[in-house]
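Structure assessment
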Amino acid sequence: MTILALTTALIITMILLLVSFWLPLMTPDTEKLSPYECGFDPLGSARLPFSVRFFLIAIMFLLFDLEIALLLPTPWANQLTSTTTPLLLATTIITLLTLGLAYEWYQGGLEWTE
């Protein structure tokens, strides 16, 4: 019975893969391949690189802001038996994040331009 189900699933998967490969009609032209910017013709290259500073600021935002936002409600604290363990863990994490933010600020990592 399981061999029949496995064979049927495999056949249906193969058929769907073949149909999805051959079914769409690809007719690219210059208008379809051009970047779209709010109805205007593109002003420059769409492949301009971002500054590395942008990525550093984004990573620091994720590290310091979102972790604290996820840490403060502490839904995992209800699952623990001791009340001091979640408080100590949350305080330690917030202290480490605050020290990391102070270090980044001191090193100049939050400066957008140098």
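Residues numbered from 1 in each chain as written. Predicted model: local features only at pLDDT ≥ 70, side-chain atom pairs only at ≥ 80, totals over all residues. Heavy atoms only, no water.

1. Focus: the overall build of the chain
Operational definition: Put simply, DSSP marks the helices as runs of H or I at least four residues long and the strands as runs of E at least two long, and each gets a number from the N terminus on. Type-normalised accessible area, obtained with a 1.4 Å probe on protein chains alone, sets the label of each residue: buried when under 20%, exposed when over 50%, and partly exposed for intermediate values. Here, two residues are considered to be in contact whenever any of their heavy atoms come within 4.5 Å of each other.
Secondary structure assignment for the chain yields four helices and zero strands. Overall, the chain shows an N-to-C arrangement of helices and strands of α-α-α-α. Within the chain, buried positions represent 9% of all 114 residues. Long-range contacts, defined as pairs at least 24 residues apart, comprise 59% of the intrachain contacts of the chain with a sequence gap of at least 6.

2. Side note on the UniProt feature "transmembrane region" (unreviewed entry) in the chain
Our working definition: UniProt positions are given in the numbering used here, feature names are shortened, and annotations may be inferred rather than shown by experiment.
Residues annotated by UniProt as "transmembrane region" (unreviewed entry) correspond here to residues 52-72 and 84-106. Secondary structure content for residues 84-106 is 100% helix and 0% strand, and the end C-alpha separation is 32 Å.

3. Some thoughts on the packing of aromatic side chains
Which entries qualify depends on this criterion: For Phe, Tyr and Trp, rings pair up if their centres lie within 6.5 Å, where Trp contributes its six-membered ring, and each pair is then called stacked (planes under 30 degrees apart), edge-to-face (over 60) or tilted (otherwise).
Using the criterion set out here, one finds one aromatic pair in the structure. Summarising the aromatic geometry, the rings of Phe21 and Trp22 are spaced 5.7 Å apart at their centres and angled 70° between planes, so their arrangement reads as edge-to-face. As far as burial versus exposure is concerned, Phe21 and Trp22 are alike and both exposed.

4. Overview of the confidence of the model for the chain
For clarity, the threshold we go by: The pLDDT value tells you how sure the predictor is about a given residue, anywhere from 0 up to 100.
Mean pLDDT over the chain works out to 77, with 78% of the residues at or above the 70 mark. At the low end of the mean pLDDT range in the chain sits helix α2 (residues 30-33), at 73; at the high end sits helix α1 (residues 2-22), at 91.

5. Some details on helix α4 (residues 84-107)
The following threshold applies: The length a helix should cover is 1.5 Å for every residue beyond the first.
The terminal C-alpha atoms of α4, which comprises 24 residues, lie 34 Å apart, in line with the 34 Å expected from a rise of 1.5 Å per residue. Within α4, the full set of buried residues consists of Pro86, Ala90 and Leu97. Positive backbone phi, approximately 90°, marks Gly108, located one or two places after α4.

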